[in-house]
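The primary structure of each chain is shown beneath.
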Amino acid sequence: MQVDVLIVGQGICGTMLSWFLQKEGVSIAVVDDNAPGASSKVAAGIMNPVTGRRYVTTWRIEDVMPFARRTYESMGEALDARLLQQKSVIDFFPSPQMRNAFVERVKEDDTYLHPYPDHNGFNPYFHYEFGCGEIRPAYMIHFATLLPLFRTRLSDKGQLVADTFSLADLELGLDHIRYGDITAGRLVFCDGAAGINNPWFSLLPFAANKGEALIIHCEDLPGGHIFKRGLTLAPLPEPGTYWVGSSYEWEFANDQPSEAFYNRTTAHLQAWLKKPFRVVDHMAAIRPATLERRPFVGFHPQFPRIGILNGMGTKGASLAPFFAHQLASHIVHGFPVADEVSVHRFSRILSK
Ligand SMILES: Cc1cc2nc3c(=O)[nH]c(=O)nc-3n(C[C@H](O)[C@H](O)[C@H](O)COP(=O)(O)OP(=O)(O)OC[C@H]3O[C@@H](n4cnc5c(N)ncnc54)[C@H](O)[C@@H]3O)c2cc1C
């Protein structure tokens, strides 16, 4: 088989790059091993325009969130599935100081932050003492719907190699790339946390970070919201089912779910929720985060046929569509990749 671009990995990055290249009429093949612990399979899929305890507007959100929303909508039409839902984040203040910080931030910038008028409205469901604020619009992206549907579409078109990519089967020529019986013009790695050990890109400043989540069943919580109080509790498409997380561990022994997270999170839920719940799943993954919290996009300075789309950190749902589109436009039209995400900012490191 002869293709223009061979892609390794079908998490949200590989899926988005495949989508935009196909739209441009570029022929592709995707190698993916369908690992259950891939970051995109564990993620909540939240697009939140505000980050952290200081309620800072998320980097480039004005560009990436509308673009991502339109992309998920049009993919949803093509795949005949609902891939996103608009929500608001209800943020329960952990202290009077945090409530004051929120009120001050609303005065400075109320684009996404809003006072929540009915402070006692969530009393039947949650324990909270210091009120709540609202962040909107936010979105939930249903990765658990999107990724398998897109995988089936790739498979139906004969574009999927459902296997582990093996370097032993790769031949790098001056004017071509051969992988098994596939000949490609370019090879792009969208291999998530595995990129940390990628022979071409392992020198990039990755900062791997482990995160865990529970899936719980709990009846009767009010719809339309993602709830936050230390933990995030986000509604999944199946009624009464919620994603609960997460942890951010910079040092970890393995990528498996831990008893410590389970115990800590269920204790937190017992203290927070007034409704009974039961845990139905527990997952963990390594986030492909980067030291300076910016993605890695583009082609290797010394091996111009080998590219990367990675380093989405905690924000793959919003960043992947935008930067996959940039990379696809670079491949097809030669448009530049933005300096702040281009791997060429690490040319010196990558040339070692
Ligand atoms: C607990 C948790 C919660 C999160 N919540 C959110 C959230 O709410 N919102 C948000 O935006 N982001 C969230 N994230 C971050 C998000 O998951 C990532 O930014 C994003 O999914 C990364 O996507 P990716 O495609 O780069 O990597 P991945 O999803 O890891 O995909 C890589 C793919 O490549 C495959 N692969 C790797 N190596 C090989 C190989 N050698 N051969 C074949 N296949 C290979 C893997 O199996 C996988 O399918 C969360 C992450 C975690 C861990």
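In short, a report on the structure.

## Here's the deal with the site of the ligand
Taken together, 37 residues lie near the ligand, and D32, D33, S40, F165 and G313 sit nearest. One nitrogen or oxygen atom from the main chain of T314 is found 2.9 Å from a nitrogen atom belonging to the ligand. Calculation on the ligand without its partners gives an accessible area of 1,000 Å², and the protein chains cover 93% of this total. The element that contributes the greatest number of residues to the shell around the ligand is helix α2 (residues 39-42), accounting for 3 residues. Split by residue class, the shell around the ligand holds 17 nonpolar, 13 polar and 7 charged. A domain split of the shell around the ligand shows at least three residues from each of domain 1 (2-42 + 145-204 + 291-350) and domain 2 (87-137 + 207-287).

## Brief notes about empty space enclosed by the protein
Across all of its chains, the model carries 1 cavity of 30 Å³ or more by this definition. Along its surface, the largest cavity is lined by V50, T57, R105, D109, T111, Y112 and L113.

## Re the pattern of salt bridges
Tallied over the full model, the rule gives 10 salt bridges. E104 is the partner of K107 in a salt bridge, and the nearest nitrogen-oxygen pair spans 3.1 Å. Of this pair, K107 and E104 both sit in helix α4 (residues 96-108), 3 residues apart, roughly one helical turn. Residues E171 and R178 are paired through a salt bridge, measuring 3.5 Å at the closest nitrogen-oxygen approach. A relative accessible area of 32% means that R178 is categorised as partly exposed. One salt-bridge network, held together by shared partners, links R60, D63 and E340.

## Considering the side chain of Q85
Here Q85 shows up in strand β6 (residues 84-92). What makes Q85 buried here is its relative accessible area of 18%. Polar contacts involving the side chain of Q85 include one to the side chain of H142, which spans 3.1 Å. Dropping the residues within four chain positions of it, Q85 is found in contact with A138, Y139, M140 and H142.

## Overview of the packing of aromatic side chains
Within the structure shown, the criterion is met by 20 aromatic pairs. With 5.9 Å between their ring centres and 10° between their planes, W59 and F323 make a pair best called stacked. Of this pair, W59 sits in the loop between β5 (56-57) and α3 (61-79) while F323 sits in helix α7 (residues 316-333), and the two are 264 residues apart along the sequence. Ring centres 6.2 Å apart and planes at 10° place the aromatic pair F92 and F227 in the stacked group. Placement of the pair is F92 in strand β6 and F227 in strand β14 (residues 225-229), with a sequence separation of 135 residues. On the accessibility criterion, F92 (1% relative accessible area) is buried. In this structure F227 comes out as buried when scored by relative accessible area, which is 1%. Ring pairing ties together the aromatic residues F92, Y116, F122, F126, Y128, F227 and W272, which thus form one cluster.

## Looking at the nonpolar core
What tends to happen in soluble globular proteins is that the nonpolar side chains get buried as a cluster. Ranked by internal contacts, the top residues of the largest apolar core, which has 70 residues, are L17, L21, Y72, L309 and L327. The residue makeup of this core includes at least three contributed by each of domain 1 (2-42 + 145-204 + 291-350) and domain 2 (87-137 + 207-287). Ranked by size, the runner-up nonpolar core spans 23 residues in total, among them L6, Y179, F201 and L204.

## Remarks on helix α5 (residues 143-156)
For α5, built from 14 residues, the straight-helix expectation of 20 Å at 1.5 Å per residue is met to within 8% by its first-to-last C-alpha distance of 20 Å. Regarding α5, the residues found buried are F143, L146, L147, F150, R151 and L154. End-on view of α5: buried residues confined to an arc of 125°, all on one side of the axis. Relative to its buried face, α5 has exposed residues pointing more than 90 degrees away, namely A144 and D156. In the segment just after α5, G158 is the residue with positive phi, at about 70°.

Rules used in this analysis
- Residues numbered from 1 in each chain as written.
- Predicted model: local features only at pLDDT ≥ 70, side-chain atom pairs only at ≥ 80, totals over all residues.
- Heavy atoms only, no water.
- Near = heavy atom within 4 Å.
- Polar contact = N/O pair within 3.5 Å; in protein donor to acceptor, adjacent residues only side chain to side chain.
- Areas by Shrake-Rupley, 256 points an atom, 1.4 Å probe, with all protein chains shown as cover.
- Helix = DSSP H or I, 4+ residues; strand = E, 2+ residues; numbered from the N terminus.
- Nonpolar A, V, L, I, M, F, W, Y, C, P; charged D, E, K, R; others polar.
- Domains from an automatic or database assignment.
- 1 Å grid on protein atoms, 1.4 Å probe; cavity = no way out; pocket = protein on both sides within 12 Å on 5 of 7 lines; lining within 4 Å.
- Points joined across faces, edges and corners; volume = space filled by probe spheres on them.
- Salt bridge = Lys/Arg side-chain N within 4 Å of Asp/Glu carboxyl O.
- Buried < 20%, exposed > 50% of the residue type's maximum accessible area, 1.4 Å probe, protein only.
- Contact = heavy atoms within 4.5 Å.
- Phe/Tyr/Trp six-rings, centres within 6.5 Å; stacked < 30°, edge-to-face > 60°.
- Core = buried A, V, L, I, M, F, W, Y, C linked by side-chain atoms within 4.5 Å.
- Expected span 1.5 Å × (residues − 1).
- Arc of directions from axis to C-beta.

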